[in-house]
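Structural overview for review
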Amino acid sequence: MSVVNEVHAGALAVANPVAAAQQAKVPFWRWPRLYRYGFLAFILIVWQLVGPMINPIFFSYPSKIALAFYELTFVTGELQHYMVESLLILFYGLGIAILVGVPLAILMARFKPVDWALDLPVNAMYATPMVALVPLLVLWFGIYMEAKVIVVFLFCVFPVLINTYQGVRECDKNMLEVARSFRSNEWRMWRDVLFPFALPYIAAGVRLAIGRGLVGVVIAEFYTTISGLGYMITRYAHIFDMDKTFVPIILLMFLGVSLTSGLKWLERRIAPWSHANR
């Protein structure tokens, strides 16, 4: 527990001992983790019971997937090899999307001519299904890492850009007036007011971009070189090995949840004010 939380709990106990005791003794049926992990366990149990009844050419179940995971991880070692390749593509594409999307969004929100010029192209590109552009990108940039990074960048940049733009536009005008009264120049206003205010919006955009980026990674690997988790999915699906097909799919789910949870934790550390009223 942090110092702030300890102080808050101590003040609550002094001001209202009954409320503090009630907060400390929450009934077990109101535990969020009970529902979160209990429902997950229920899904796995039902899956394990129903799975063997379905033709193994088309489906699998948790125990067999766990054995396939062990084989791909500790016997052949190909799972971690392909996972590293996919994560590199994701981080390159997502990193470039953040470096491009955040400054561009602030420019669009702060300068009307830039907003007028880029509003239509940004909305048009965001509305265009990126899957339709992948064959063109492969044709233009080849089948190696550069093409996959560009695909992931296009999947990731628009959530970051649009959320950051919205955050800057909703910045409190009184805060901007205070900054102007202290003669802050445009750069210091970006650094001290606009960027901190928009930080929760940026974090929300990055969380959306992570999910879209994982989709972009898999689609890019379907079309490009023989590597990555997308290649594993197509390879084992083509030979109807469902146990090993499910392994990279579940790993992608786990990566999405883990990266999103890690970003939420980081947001609480660098922007605690965004959770003050929750």
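Going by the structure above, here's the rest.
Below, the structure is looked at part by part.

**Digging into the overall build of the protein chain**
When its secondary structure is counted, the protein chain shows 12 helices and 0 strands. Element order for the protein chain, N to C, with α for helix and β for strand: α-α-α-α-α-α-α-α-α-α-α-α. A fraction of 71% describes how many contacts in the protein chain between residues 6 or more apart in sequence connect residues 24 or more apart. When the accessible surface of the protein chain is split by element, carbon and sulfur atoms take 70% of a total near 17100 Å².

**Quick look at a nonpolar patch on the surface**
Taken together, the side chains of Phe39, Phe42, Ile43, Ile45, Val46, Leu49, Val50, Met53 and Ile54 define a hydrophobic patch exposed on the protein surface, amounting to about 890 Å² of accessible area. For isoleucine 45, the location among the structural elements is in helix 3 (residues 32-50).

**Overview of a positive patch on the surface**
Taken together, the side chains of Arg33, Arg36, Lys264, Arg268 and Arg269 define a basic patch exposed on the protein surface. Elements that contribute at least two residues to the positive patch include exactly helix 3 and helix 12 (242-270). It is helix 12 that contributes the most residues to the positive patch, 3 residues altogether. For arginine 269, the location among the structural elements is in helix 12.

**A short note on helix 7 (residues 134-141)**
Buried within helix 7 are the following residues: Val134, Leu137 and Val138. All buried residues of helix 7 fall inside an arc of 100 degrees around its axis, so they share one side. Exposed residues pointing more than 90 degrees away from the buried face of helix 7 are listed as Leu139 and Trp140. Buried residues belonging to helix 7 abut helix 8 (145-169) and helix 10 (186-223). Just downstream of helix 7, glycine 142 is the residue with a positive phi angle, here 95 degrees.

**Digging into the pattern of salt bridges**
Per the stated rule, a full pass over the model turns up 4 salt bridges. The salt bridge partner of glutamate 71 is lysine 244, with a shortest N-O separation of 3.1 Å. Taken together, the residues span a long stretch of sequence, with glutamate 71 in helix 4 (residues 62-75) and lysine 244 in helix 12 at a distance of 173 residues. The exposure class assigned to glutamate 71 is partly exposed, which follows from its relative accessible area of 30%.

**Some words on the nonpolar core**
A general tendency of soluble globular proteins is for nonpolar side chains to be buried together. Formed by 63 residues in total, the largest nonpolar core has its most connected members in Leu79, Leu229 and Met232. Listing elements by their share of this core, those giving two or more residues are helix 4, helix 5 (78-110), helix 7, helix 8, helix 9 (173-181), helix 10, helix 11 (228-238) and helix 12. If we skip the residues at most four places from it in the chain, leucine 79 touches Phe69, Leu72, Thr73, Leu229, Met232, Val247 and Leu251.

**Quick notes on the environment of valine 168**
Tracing the backbone shows valine 168 in helix 8. A relative accessible area of 6% means that valine 168 is categorised as buried. Spatially, the C-alpha atom of valine 168 lies 9.2 Å from that of leucine 199, the residues being 31 residues apart in sequence. Once residues within four sequence positions are removed from consideration, valine 168 is found in contact with Ile106, Ala109, Arg110, Leu194 and Ala198.

**Regarding the side chain of lysine 244**
Take lysine 244: its relative accessible area is 15%, and that puts it in the buried class. A distance of 3.1 Å separates the side chain of lysine 244 from the side chain of glutamate 71, its partner in a polar contact.

Definitions and limits used
- Residues numbered from 1 in each chain as written.
- Predicted model: local features only at pLDDT ≥ 70, side-chain atom pairs only at ≥ 80, totals over all residues.
- Heavy atoms only, no water.
- Helix = DSSP H or I, 4+ residues; strand = E, 2+ residues; numbered from the N terminus.
- Contact = heavy atoms within 4.5 Å.
- Areas by Shrake-Rupley, 256 points an atom, 1.4 Å probe, with all protein chains shown as cover.
- Patch = residues over 30% accessible without salt bridge, like charges linked within 9 Å, V, L, I, M, F, W, Y side chains within 5 Å.
- Salt bridge = Lys/Arg side-chain N within 4 Å of Asp/Glu carboxyl O.
- Lys, Arg positive; Asp, Glu negative; His and termini not counted.
- Charge placed at Lys NZ, Arg CZ, Asp CG, Glu CD.
- Buried < 20%, exposed > 50% of the residue type's maximum accessible area, 1.4 Å probe, protein only.
- Arc of directions from axis to C-beta.
- Core = buried A, V, L, I, M, F, W, Y, C linked by side-chain atoms within 4.5 Å.
- Polar contact = N/O pair within 3.5 Å; in protein donor to acceptor, adjacent residues only side chain to side chain.

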